[in-house]
Amino acid sequence: MASGVRNYKTLQIQDTIVAISTPPGKSGVGVVRLSGSDARRLSEGILRLRPGFEWNPWTVALAELIDDQGAAVDQVVVAYFAAPRSYTAEDLVEISCHGSPVVLRFCVEKACAAGARMAEPGEFTLRAYLHGRIDLPQAEAVRDLIDATTLYQARIAAQQVEGSVSKRIRPVKEQLVELIALLEAGIDFAEDDISVAPVAEILRRLNPIEQALAALAATFDYGKLVHSGITLAIVGRPNVGKSSLFNRLLEQDRAIVTDIPGTTRDLVSEVAAIRGIPVKFVDTAGIRSGQDLVETLGIERSYQAMADADVTLVVVDLSTLIHPDDRALIERAKRQGRWILVGNKADLARAAEPIEDLIPVSALTGVGLEPLRDRISPMAALEQDSGFITSIRHEQLLRETIEALSQARKAAEFGIPHEMLLLDLYAALRPLDAITGATTADDILNRIFSTFCIGK
């Protein structure tokens, strides 16, 4: 969608556009979508519709896709969605063909020859936004829903498409607009006996706005994990069972497992979902004094993987005594950030001394894997309601608003004239507008007149 938004001022949004709406490649069904005032007329030029056919909204009908000689190329299903109750808020026609790339391309080419224009990337969703069908957070959530790699990501994106983020921002923005209207009225209409708001009233109104936006911005700590996932490096000495544990967590044989120390010489990575969060698991070379140049290089990469990871999984062997190299590795992990200590081979007789906060597991039998998944997943500690933010753009804009509100608070406390205070409040409003859509001068004036009954 970003490309369409970037160039939307140069797009001819009155054109009827066409595009294939299903992924490239062969499939059982492929969908060609047309949107615009001429969508029905153009469809009639490339389809043979049944006798007596009428464009009844939100219904489907059989038709034939025809070539220039009138020969049938494919039997299709046509669906019609009338403006404004369509995805784009325009007349929209969807032609479901058999999923042959040749047929789908032919359908689009016929539509373009009849007068349609190829849609730009994201232009259908852009039109939905420009016509007021959805707001910006909902439009961005459409992209996230398409890009989701876990069911949990898809569910959160679907909630945002329904407006979960907008519902949290909108009432706070309304409070800010009301405060701006209050000060504007006091300045512009002083002769109409509208009192200027005292400092205590301004601060009373600022408090809930700041608190609500700070709470929403803080949800990004969790939201970025939902959106982008985490990277987890599995480290340990040779033969503690790192690769076996790696395979167990992935539930597939991805890494080679042998009894020979130093089997893993390079990083092996794979992505899997843990409690709905995408986790990139990185299996590393066993850390010891290298026996040859290749193994030494692998160990250096293991250290780098620890430094780059969001979480380090330090694996020790419970069937042997804790080695000094184990303790050195634990201390290194502690210094570098979030880490989890795992004792593998819990199915064997335990020889290792007790270690605080160790999770015993068996990569062979699967014992202890569920508690380990719980520890890996950040959800237990950070889980939020559905109204959290997953976009770094939203988080940065909220931080800008919070900073401007802080400046407004200082201005009010120091008795700065309201004309100057309004500059900070408008600076706080602009980033919110960049999330939800612009606030116009008419919005402010309407609020002033409706609130204070000026001109009655």
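For the structure, see preceding data.
Just so it is clear, the structure is predicted and the values come from calculations on it, not from any experiment.

Side note on the overall build of the chain
Here's step 1: Of regular secondary structure, the chain possesses 17 helices and 13 strands.
Here's step 2: Relative to its 456 residues, the chain shows a buried fraction of 46%.
Here's step 3: Sequence separation of 24 or more characterises 65% of the internal contacts of the chain that already satisfy a separation of 6 or more.
Here's step 4: Here the chain displays about 22,500 Å² of accessible surface, and carbon together with sulfur accounts for 53% of that area.

Quick notes on the packing of helix 8 (residues 199-218) against helix 15 (residues 392-413)
Here's step 1: Where helix 8 meets helix 15, the closest approach of the two axes is 10 Å, and the angle between their N-to-C directions is 160 degrees. Taken as axis vectors, helix 8 and helix 15 run roughly antiparallel relative to one another. Considering the relative orientation of helix 8 and helix 15, their crossing is left-handed. Taken together, the residues of helix 15 that come into contact with helix 8 (itself represented by Val199, Ile202, Leu203, Leu206, Asn207, Ile209, Glu210, Leu213, Ala214, Leu216, Ala217 and Ala218) are Glu395, Leu398, Arg399, Thr401, Ile402, Leu405, Ser406, Ala408, Arg409, Ala412 and Glu413.
Here's step 2: The residue makeup of the contact of helix 8 with helix 15, split by class, is 15 nonpolar, three polar and five charged.

Comments concerning the nonpolar core
Here's step 1: Core analysis: the largest hydrophobic core is formed by 34 residues, its most contacted members being Leu176 and Leu425.
Here's step 2: Where this core is concerned, the elements lending two or more residues are helix 7 (164-188), helix 8, helix 15 and helix 16 (418-436).
Here's step 3: Of the residues forming this core, the biggest block, nine residues, is contributed by helix 7.
Here's step 4: In this structure Leu176 touches Ile209, Leu405, Leu425, Ala428, Leu429 and Leu432, once residues within four positions along its chain are discounted.
Here's step 5: Formed by 25 residues, the second largest nonpolar core is a distinct cluster that contains Val240, Ile340, Ala363 and Leu372.

The rules behind these values
Residues numbered from 1 in each chain as written. Predicted model: local features only at pLDDT ≥ 70, side-chain atom pairs only at ≥ 80, totals over all residues. Heavy atoms only, no water. Helix = DSSP H or I, 4+ residues; strand = E, 2+ residues; numbered from the N terminus. Buried < 20%, exposed > 50% of the residue type's maximum accessible area, 1.4 Å probe, protein only. Contact = heavy atoms within 4.5 Å. Areas by Shrake-Rupley, 256 points an atom, 1.4 Å probe, with all protein chains shown as cover. Axes fitted to C-alpha atoms, helices over the stretch in contact; angles between N-to-C directions. Parallel < 35°, antiparallel > 145°, perpendicular 65-115°, else oblique. Left-handed = near helix turned anticlockwise from the far one by under 90°. Nonpolar A, V, L, I, M, F, W, Y, C, P; charged D, E, K, R; others polar. Core = buried A, V, L, I, M, F, W, Y, C linked by side-chain atoms within 4.5 Å.

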